[in-house]
Amino acid sequence: MFKDSLERLGLYAQAVINSIGLMMMMLISSAMLLLTPPIKVRNMFKQMEFVGIESLFVVILTGSFTGMVLALQSFNALKRFGAESMVGPTVALSMARELGPVLAGLMVTGRAGSAMATELGTMRVTEQIDALSTMGINPVKYLVVPRIVAGILMFPILTIITDFVGVIGGWFVGVKLLGINSGVYIGRTIDFVTIEDVATGLYKSLVFGLIMTLVACYNGFYTTGGAKGVGRAATTSVVTASVMILVSDYLLSTVLG
Amino acid sequence: MIEIRNLRKAFNGKKILDGLNLDIEQSKITVIIGRSGEGKSVLIKHIIGLLKPDSGSIKLDGLDITTLKERELNEVRKRFGMLFQSGALFDSMNVADNVGFALKEHTGLQDDDIAKIVREKLTRVGLKGVERMATDELSGGMKKRVGLARAIVMDPEIVLFDEPTTGLDPIMSDSIADLVLDTQKALNTTYVLITHDIPFTYKIADKIAMLHEGKIIATGTVTEMKESTDPVVRQFLEGRAQGPITVY
Ligand SMILES: Nc1ncnc2c1ncn2[C@@H]1O[C@H](COP(=O)(O)OP(=O)(O)OP(=O)(O)O)[C@@H](O)[C@H]1O
Ligand SMILES: [Mg+2]
């Protein structure tokens with residue numbers, strides 16, 4: 001019984017290490033393929049549209065409501081110290097350093113990550129990926145590289161947008177609903193929030209974009225087991241990428257300060 | 001000329017190919033027959049390097065393709081055209097983009113020229129006016145024929161067809177047989193076909209090879225195979241449930 005579960009744990013660990021290895025290989029070959037012509041510009045734009053443009057609505061919605069609730073909560077807390085004027089910087093700093101990149105990352109992972117894994121997984125189980133190979137097309141170059149590039153480029157842009165609408169949402173609640181002076185709100189925000197704060201969030205989002213697309217592509221690309229396998233690839237991608245985003249967020253916060 | 005020597009492949013401990021030998025001659029039509037699940041599709045995927053054998057070699061004009069790296073393999077693959085048993089059409093593209101895909105990727109042809117070739121190949125497989133259709137709007141037999149058109153669009157030297165006539169009506173099957181014979185004559189194409197379609201086989205095959213229990217147990221021309229005394233070959237070609245091969 002004990003030996004049994006130990007053995008299973010061993011097998012599980014082996015599988016995890018195995019897939020980390022394969023994922024790293026996929027990343028390395030993607031990086032090399034990115035630089036070998038011909039470059040698949042059209043595929044990249046298509047993926048950028050899918051990851052970026054089509055995520056706009058959801059990140060605007062999450063960003064603005066998060067900014068609003070942040071303003072509300074920090075107002076309640078800061079009021080006790082008579083520091084209502086600090087609501088603006090609190091909202092902006094939280095958005096720029098943490099919530100912008102993390103929320104955008106998680107929302108886009110839920111939306112685009114599962115779709116990417118499903119699409120590649122379906123292509124795998126219906127032999128479309130094999131068909132690409134038989135035509136002398138490297139499927140990693142054709143399918144994976146454009147998605148990773150799109151993730152790395154679009155996540156920071158989505159993050160900026162999330163930050164921005166969050167700050168607007170915070171301003172709306174703070175100024176229009178809670179009665180903080182608009183000049184004070186904006187002035188304080190500008191005083192306290194630096195370019196570095198925003199940059200920190202953007203660095204993070206670059207990493208999150210890489211994580212999301214790599215995890216989704218890896219799971220989709222190596223799907224086995226028919227329709228069920230495709231479903232599993234989608235779920236695994238979202239869960240794995242979300243956890244990895246949160247863990248790496250902590251690590252990056254430690255490193256970037 | 002493709003020489004397959006001592007090819008072995010097992011999946012999860014189950015031996016599928018078990019020391020298989022086969023010569024595929026250039027500019028000839030080789031038909032591989034055998035029961036469902038014997039490993040015909042697995043064999044054909046080895047020939048184009050989609051699967052790596054556990055041991056054995058596949059030499060294409062003397063070059064062992066089982067040892068090639070992905071990049072080298074991709075070069076070799078440009079000499080091939082393949083129809084998958086499942087069709088494997090790209091579902092994100094319409095019919096014309098599916099058929100014209102390799103032209104777009106590997107040649108500098110203008111869109112107009114590509115469209116012309118695509119139309120010609122589609123006509124060749126009996127399809128007209130389907131260019132803009134999505135792949136999921138096609139019937140099973142139409143999918144198969146789009147797959148056929150896609151496989152031959154580059155006029156490849158070597159064509160691998162995995163069950164080209166399954167799902168086609170007999171008239172269409174016969175016209176696919178003509179297509180195979182015509183292109184083989186006109187372009188000296190080497191064909192490797194897998195099929196369960198015996199009349200089709202008799203019409204086109206230069207050489208029939210029967211796969212049974214992981215090995216090629218018999219090869220020969222149509223006449224030779226028809227006259228074979230091997231009970232397994234006889235049972236298969238005559239399509240009898242009774243014989244050395246048991247259904248269960
Ligand atoms: N990727 C794979 N993983 C595990 N087993 C496989 C794989 N591909 C094929 N097999 C197994 O190999 C055997 C042969 O399969 P294959 O598809 O080659 O049969 P076939 O001769 O083409 O049959 P059919 O005439 O029905 O198409 C089957 O038992 C199948 O389960
Ligand atoms: Mg088959």
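Treat the numbers as computed from the prediction; the structure is a model and nothing was measured.

**A closer look at the overall build of chain A**
Stage number 1. Across its full length, chain A holds nine helices and zero strands.
Stage number 2. The helix and strand sequence of chain A, counted from the amino end, reads α-α-α-α-α-α-α-α-α.
Stage number 3. If one aligns the C-alpha atoms of chain A with their principal axes, the spans along those axes are about 65 × 55 × 30 Å.
Stage number 4. Long-range pairs, those at least 24 residues apart, make up 84% of the contacts in chain A with a sequence separation of at least 6.
Stage number 5. Each charge class in chain A was averaged separately, 17 positive and 14 negative side chains, and the resulting centres sit 4 Å apart.

**With respect to the domain arrangement of chain B**
All names here are of chain B.
Stage number 1. Domain assignment breaks chain B into domain 1 (1–79 + 157–248) and domain 2 (89–155).
Stage number 2. Across the contact, 16 residues belong to domain 1 and 11 residues belong to domain 2.
Stage number 3. On the domain 1 side of the contact with domain 2, Lys78, Met172 and Leu179 bury the most area, a combined 35% of that side's loss.
Stage number 4. Where domain 1 meets domain 2, there are one salt bridge.
Stage number 5. Looking at the side of domain 1 that touches domain 2, the elements with two or more residues in it are strand E7 (158–162) and helix H6 (170–187).
Stage number 6. Considering every element that reaches the side of domain 1 that touches domain 2, the biggest residue donor is H6, with five residues.

**A closer look at the side chain of Ser114 of chain A**
Stage number 1. Looking at the secondary structure, you find Ser114 of chain A in helix H4 (residues 87–125).
Stage number 2. In this structure, Ser114 of chain A is in contact with Thr109, Ala234 and Val238 of chain A, ignoring residues within four places of it in sequence.

**Some details on the pattern of salt bridges**
Stage number 1. Tallied over the full model, the rule gives 22 salt bridges over all chains.
Stage number 2. Between Arg111 of chain A and Glu54 of chain A there is a salt bridge, with the nearest N and O atoms lying 3.5 Å from each other. Here Arg111 of chain A is found in helix H4, whereas its partner Glu54 of chain A is found in the loop between helix H2 (41–51) and helix H3 (56–79), with 57 residues between them in sequence.
Stage number 3. Lys78 of chain B is paired through a salt bridge with Glu75 of chain B; the nearest N and O atoms lie 3.0 Å apart.
Stage number 4. When its relative accessible area of 34% is taken as the criterion, Lys78 of chain B is described as partly exposed.
Stage number 5. Residues participating in the shared-partner salt-bridge network are Glu98, Lys204 and Asp249 of chain A.

**Side note on the site of ligand 1**
Residues and elements named next belong to chain B.
Stage number 1. In the vicinity of ligand 1, 14 residues are found, and the nearest of them are Ser36, Gly37, Lys40, Ser41 and Gln85.
Stage number 2. With respect to ligand 1, the backbone of Gly37 contributes an N or O atom lying 2.7 Å from an oxygen atom.
Stage number 3. Taking Gln85, its side chain carries an N or O atom lying 2.8 Å from an oxygen atom of ligand 1.
Stage number 4. Surface burial for ligand 1 is 64%, taken as the share of its 630 Å² of free accessible area covered by protein chains.
Stage number 5. Of all elements in the fold, only strand E2 (14–24) and helix H1 (40–47) reach the threshold of two or more residues within the shell around ligand 1.
Stage number 6. It is H1 that contributes the most residues to the shell around ligand 1, three residues altogether.
Stage number 7. When grouped by side-chain class, the residues that make up the shell around ligand 1 number three nonpolar, six polar and five charged.

Criteria and thresholds
- Residues numbered from 1 in each chain as written.
- Chains lettered and ligands numbered in written order.
- Predicted model: local features only at pLDDT ≥ 70, side-chain atom pairs only at ≥ 80, totals over all residues.
- Heavy atoms only, no water.
- Helix = DSSP H or I, 4+ residues; strand = E, 2+ residues; numbered from the N terminus.
- Contact = heavy atoms within 4.5 Å.
- Lys, Arg positive; Asp, Glu negative; His and termini not counted.
- Charge placed at Lys NZ, Arg CZ, Asp CG, Glu CD.
- Domains from an automatic or database assignment.
- Buried area = accessible area lost by both parts, 1.4 Å probe.
- Salt bridge = Lys/Arg side-chain N within 4 Å of Asp/Glu carboxyl O.
- Buried < 20%, exposed > 50% of the residue type's maximum accessible area, 1.4 Å probe, protein only.
- Near = heavy atom within 4 Å.
- Polar contact = N/O pair within 3.5 Å; in protein donor to acceptor, adjacent residues only side chain to side chain.
- Areas by Shrake-Rupley, 256 points an atom, 1.4 Å probe, with all protein chains shown as cover.
- Nonpolar A, V, L, I, M, F, W, Y, C, P; charged D, E, K, R; others polar.

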